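Observations on chain architecture
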Amino acid sequence: MDTKNKVNQNDTICDNFQNQVSLVLIRHKSMLDIMTKLDEYNARINRAIAKSVTYCGCISINATKQDFGNDSFENMQKKAETHVEGKICENCKDILEEEMGSYMFYLASLCNTLGMDLSDILEKEYDRIKTLGIYSLK
Ligand SMILES: [Zn+2]
């Protein structure tokens, strides 16, 4: 599959997802509910990662200072650490996928409420990071 078809397919999945979200959201349709649900699922993602470390143990986090010195951006990217050791297990991955999916549900709801297009947002961000590369400084 060429890149253009893949991009179009992703647009369709994104558009279908956003449309389906608009059809099923009833109970938390208020902007206040959407905003606080986004926060809730952000916290649930972080909690699931923490439980992967402290309860499951499939990963550990060994965080230290990111020491870049006066390196170039290219060297900074090579030296930057995730601080994650190990590999997320299938059970923890399933939990994280569910929490991330719910987060995306409410992100799509936010887009619907504000009349924004999720696939346009993704495409603009993709273009921005593709253009700026490591100079996007994220
Ligand atoms: Zn695990």
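Please refer to the structure placed before this passage.
Residues numbered from 1 in each chain as written. Predicted model: local features only at pLDDT ≥ 70, side-chain atom pairs only at ≥ 80, totals over all residues. Heavy atoms only, no water.

Section: the coordination of the zinc ion
To keep it simple, the criterion reads: Here a donor is an N, O or S atom found within 2.8 Å of the metal, or within 3.2 Å if the metal is Na, K or Ca; sites may look incomplete because water is not among the atoms. Throughout this description, buried means an accessible area under 20% of the type-specific maximum (1.4 Å probe, protein chains only), exposed means over 50%, and partly exposed covers the range between.
At 2.2 to 2.3 Å from the zinc ion lie its protein donor atoms, namely Cys56 (SG), Cys58 (SG), Cys89 (SG) and Cys92 (SG). Judged by relative accessible area, cysteine 56 falls into the partly exposed class, the value being 39%.

A word on the nonpolar core
Counted only if it meets this: In this text, buried Ala, Val, Leu, Ile, Met, Phe, Trp, Tyr and Cys residues form a nonpolar core when linked through side-chain atoms within 4.5 Å. Secondary structure counts use DSSP, requiring at least four H or I residues in a row for a helix and at least two E residues in a row for a strand, with both numbered from the N terminus. In this description, contact between two residues means that some pair of their heavy atoms is separated by no more than 4.5 Å.
In terms of nonpolar packing, the biggest core is built from 11 residues, these being Cys14, Val21, Leu25, Ile34, Leu38, Tyr41, Phe105, Tyr106, Ala108, Cys111 and Leu118. When residues of this core are traced back to their parent elements, those giving at least two are helix H1 (3–24), helix H2 (31–56) and helix H4 (90–114). Among the elements that line this core, the one with the most residues is H4, at four residues. Apart from residues no more than four positions distant in its own chain, isoleucine 34 is found in contact with Leu25, His28, Lys29, Tyr106, Ser109, Leu110 and Thr113.

Things to note about the side chain of serine 119
Residue position: serine 119 is located in helix H5 (residues 118–132). Leave out the neighbours within four places in its chain, and serine 119 touches Asp11, Cys14, Asp15 and Gln18.

Some points on unusual backbone geometry
Phi is positive for histidine 83, which is not a glycine, with a value near 70°. One can find histidine 83 in the loop between helix H3 (73–79) and strand S2 (84–86).

A short note on H2
Basically, it comes down to this: Expected span of a helix, by definition, is 1.5 Å for each gap between consecutive residues, and there is one gap fewer than residues. We define the bend at any residue as the angle between the axes fitted to the seven residues before and including it, ending there, and the seven starting there. Distance and chemistry together define a polar contact, namely a pair of N or O atoms within 3.5 Å, with one atom able to donate a hydrogen and the other to accept it when in protein, and with adjacent residues in sequence counting only for side-chain atoms on both sides.
The terminal C-alpha atoms of H2 lie 35 Å apart, and with 26 residues this matches the ideal 38 Å at 1.5 Å per residue to within 8%. Approximately 30° is the largest bend angle found in H2, and it occurs at alanine 50. Along H2, the residues classified as buried are Ile34, Lys37, Leu38, Tyr41, Ile45, Ala48 and Ser52. Looking at the buried residues of H2, the elements they touch are strand S1 (59–61) and H4. Put simply, serine 30 is the residue that caps the front of H2, since its side-chain oxygen is 3.1 Å from the backbone nitrogen of leucine 32.

Some points on the pattern of salt bridges
In plain terms, the rule: Salt bridges are defined by distance alone: a side-chain nitrogen of Lys or Arg within 4 Å of a carboxyl oxygen of Asp or Glu.
Across all of its chains, the model carries five salt bridges by this definition. The salt bridge involving arginine 44 is made with glutamate 40; its shortest N-O contact spans 3.7 Å. Of this pair, arginine 44 and glutamate 40 are both found in helix H2, four residues apart, which corresponds to roughly one turn of the helix. A residue is classified by how much of its surface remains accessible, and arginine 44, at 37% relative accessible area, is partly exposed.

Some points on the packing of aromatic side chains
The test is simple: Stacked, edge-to-face and tilted are the three classes for Phe, Tyr and Trp ring pairs, Trp counted by its six-membered ring, which pair at centre distances within 6.5 Å; planes under 30 degrees apart are stacked, over 60 edge-to-face, the rest tilted.
For the coordinates displayed, the defined rule picks out two aromatic pairs. A centroid spacing of 5.8 Å and a plane angle of 15° characterise the contact between tyrosine 41 and tyrosine 106, whose relative ring orientation is stacked. Taken together, the residues span a long stretch of sequence, with tyrosine 41 in helix H2 and tyrosine 106 in helix H4 at a distance of 65 residues. Judged by relative accessible area, which is 12%, tyrosine 41 ranks as buried. A centroid spacing of 4.9 Å and a plane angle of 75° characterise the contact between phenylalanine 105 and tyrosine 106, whose relative ring orientation is edge-to-face. Per residue, the accessibility class of phenylalanine 105 equals that of tyrosine 106, and both read buried.

Shape descriptors only; they carry no functional weight alone.
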